[in-house]
Every structure is written in C-alpha cells, then in structure tokens.
Amino acid sequence: MGNRLTQISTRTGDNGTTGLGNNQRVSKNSLRVHAMGEVDELNSHIGVLLCEDMPQEVRDVLVEVQHQLFNLGGELSIPGFELLKAEAVAALDTALTTYNAQLPKLEEFILPAGTRGAAMAHVCRTVARRAERATVALGNEESLNDTPKQYLNRLSDLMFVLARVLNRLNGGDDVYWKSQRLTEMRAG
C-alpha cells in the first residue's frame, strides 16, 4: 500500500465541508460525519485504555477492536460500502461470553469507577453508546448496513464487562451504587 496521507493540512475543509471516501463533499455537521467522529473518538479512548496494565488476552481483544473500529469508520466514510463483517460481531459475542463467565452475577447497579483502567473502560462504554446513537440516527436517514449498529451495541456491552474484569485485577471489586431505596427495602 502506498502513502495514503501525503498532505495533512489541505485547507479544503475551511469552508465547513469534508470529503468522504467516495470523493463526495458533505457538511462537517452531517449525520455521517458525526457518526464517523464518534467512532474515531471511541477508538482514541480505547487507545488510552491500552496504556493501562491488563492481561494480554484483554489487550489482544482491544487491539482487534481498534482494527474493527477503523473498518467501521471506513465503512461510514463511503456510503454503500461494507468493511465491517458479521464475524466481527461474533468475535465480540465470544469475548462477552468468555469474560462474563468469569464474573459474579450483579445484584446491584455499579458505578463507573474503581481502578483507572476500569474507569477508562466505562468511558469507552459510554462513547460506544454515543457512537451507536449517531450510527442509528444516520441509518434512519440513509441506507446503512446492520453490522455497524450491532457491533457498537455489543462493544458497549463488552466494555462494561471488561471494566468489571479490570476492577478485579490485583484483588479489586466493582464499586456498588448505594441506593437509598434499596437500603430501605432491605431494612424494612
């Protein structure tokens, strides 16, 4: 593959438009560009999460997720194109099953807290949900494959599960919500 980015500052976006992968120019405020931006932000947050200590198998899953998010961004940048495959969703389902089986069942809501790695995984979870909403909004207005929506939905679930896994490193645990209503129900 040759050099794809030969010039970073082109000034072609100074008028508020950006070029898609099919050379079409659209507003930087279009639904498609919003969805692309949310996916890009999610990928960046996962990159920050990868700076943390974690088991190699979790790291491998997250690196693969980054590659698939790049595929998703490419798909979003070229209307009508498909880069993200159903196998990517299946891989997330497998990871969800594997890591969820290692965790105790939740009896309470948990806070997006604990270790720094777990907290970062929760940020990734919330950004994945935002990317999913942006992708759904785009799909409501333009033709879009189902796989991107499915992938982002599963990924947000996986990030929740991985946050719990990361909280358990070195003997930690989830941070449980102290619900006044639940406390009163148990006492009464």
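Up top is the structure these notes are about.
Please read these numbers as outputs of a predicted model, since none were measured by experiment.

Chemist: Could you clarify how one ought to interpret the overall build of the protein in this entry?
Modeler: Scanning the protein from terminus to terminus reveals six helices and two strands. Secondary structure elements in the protein, listed N-terminal to C-terminal, are β-β-α-α-α-α-α-α. Across the 188 residues that make up the protein, the buried fraction comes to 37%. As displayed, the protein offers around 11000 Å² of accessible surface, 51% of which is attributable to carbon and sulfur atoms.

Chemist: Sorry, what's going on with the nonpolar core here?
Modeler: In globular proteins that are soluble, nonpolar side chains generally tend to be buried together. Core analysis: the biggest nonpolar cluster contains 41 residues, and Leu42, Leu49, Leu62, Leu69, Tyr151 and Leu155 have the highest contact counts within it. Of all the elements in the fold, those that place two or more residues in this core are α1 (31–49), α2 (56–77), α3 (86–100), α4 (116–141) and α5 (147–167). Here the element with the most residues in this core is α5; it accounts for ten residues. The contacts of Leu155, once residues within four sequence positions are left out, are Leu42, Val65, Leu69 and Leu92.

Chemist: Just checking my understanding: could you explain the packing of α2 against α3 for this structure?
Modeler: Between two packed helices, both the angle of their axes relative to each other and the distance between the axes serve to describe the pair. Between α2 and α3, whose axes approach to 11 Å, the crossing angle comes to 155°. Here α3 runs roughly antiparallel to α2, going by the angle between their axes. Like other packed secondary-structure pairs, α2 and α3 cross with a definite hand, here left-handed. Residue-level contacts link Glu57, Val58, Val61, Val65 and Gln68 of α2 to Ala88, Leu92, Ala95 and Tyr99 of α3. Considered class by class, the residues forming the contact of α2 with α3 number seven nonpolar, one polar and one charged.

Chemist: What exactly am I supposed to notice about the pattern of salt bridges here?
Modeler: Oppositely charged side chains may form a pair once their charged atoms are brought near each other. Tallied over the full model, the rule gives eleven salt bridges. Between Arg130 and Glu38 there is a salt bridge whose closest N-O contact spans 2.4 Å. Within this pair, whereas Arg130 is found in helix α4, its partner Glu38 is found in helix α1, the two being separated by 92 residues in sequence. Relative accessible area serves as the criterion here: at 29%, Arg130 is assigned to the partly exposed category. Overall, the relative accessible area of 13% leaves Glu38 in the buried class. Each of Arg164, Arg168, Asp173 and Asp174 takes part in salt bridges that share partners, so that together they form one network.

Chemist: Any chance you could explain a nonpolar patch on the surface here in plain terms?
Modeler: On the surface, a cluster of nonpolar side chains totalling about 330 Å² of accessible area is made up of Phe109, Leu111 and Trp177. Structurally, the position occupied by Trp177 is in the loop between α5 and α6 (180–187). A residue is classified by how much of its surface remains accessible, and Trp177, at 40% relative accessible area, is partly exposed.

Chemist: Looking at this model, I keep getting lost on the packing of aromatic side chains. Mind explaining?
Modeler: Note on aromatic pairs: each is described by the distance of the centres and the angle between the planes. Considering all chains together, one arrives at one aromatic pair under this definition. Taking 5.9 Å as the distance between ring centres and 65° as the angle between the ring planes, the aromatic pair formed by Phe109 and Trp177 counts as edge-to-face. Here Phe109, found in the loop between α3 and α4, pairs with Trp177, found in the loop between α5 and α6; they are 68 residues apart in sequence, far enough to count as distant. Classification of Phe109 by relative accessible area gives exposed; the value is 60%.

Chemist: Any chance you could explain the side chain of Ser30 here in plain terms?
Modeler: Note that Ser30 resides in the loop between β2 (25–27) and α1. The class for Ser30 is buried, based on a relative accessible area of 18%.

Chemist: Can you walk me through the environment of Val165 in this structure?
Modeler: Relative to the helices and strands, Val165 is located in helix α5. Spatially, the C-alpha atom of Val165 lies 9.7 Å from that of Pro55, the residues being 110 residues apart in sequence. Not counting residues up to four positions away in its chain, the partners in contact with Val165 are Val58, Tyr99 and Leu103.

Chemist: Mind showing me how you'd approach the environment of Leu144 here?
Modeler: As for its position among the elements, Leu144 is in the loop between α4 and α5. Along the backbone, Leu144 and Glu82 are 62 residues apart, and their C-alpha atoms lie at a distance of 9.1 Å.

Criteria and cut-off values
- Residues numbered from 1 in each chain as written.
- Predicted model: local features only at pLDDT ≥ 70, side-chain atom pairs only at ≥ 80, totals over all residues.
- Heavy atoms only, no water.
- Helix = DSSP H or I, 4+ residues; strand = E, 2+ residues; numbered from the N terminus.
- Buried < 20%, exposed > 50% of the residue type's maximum accessible area, 1.4 Å probe, protein only.
- Areas by Shrake-Rupley, 256 points an atom, 1.4 Å probe, with all protein chains shown as cover.
- Core = buried A, V, L, I, M, F, W, Y, C linked by side-chain atoms within 4.5 Å.
- Contact = heavy atoms within 4.5 Å.
- Axes fitted to C-alpha atoms, helices over the stretch in contact; angles between N-to-C directions.
- Parallel < 35°, antiparallel > 145°, perpendicular 65-115°, else oblique.
- Left-handed = near helix turned anticlockwise from the far one by under 90°.
- Nonpolar A, V, L, I, M, F, W, Y, C, P; charged D, E, K, R; others polar.
- Salt bridge = Lys/Arg side-chain N within 4 Å of Asp/Glu carboxyl O.
- Patch = residues over 30% accessible without salt bridge, like charges linked within 9 Å, V, L, I, M, F, W, Y side chains within 5 Å.
- Phe/Tyr/Trp six-rings, centres within 6.5 Å; stacked < 30°, edge-to-face > 60°.

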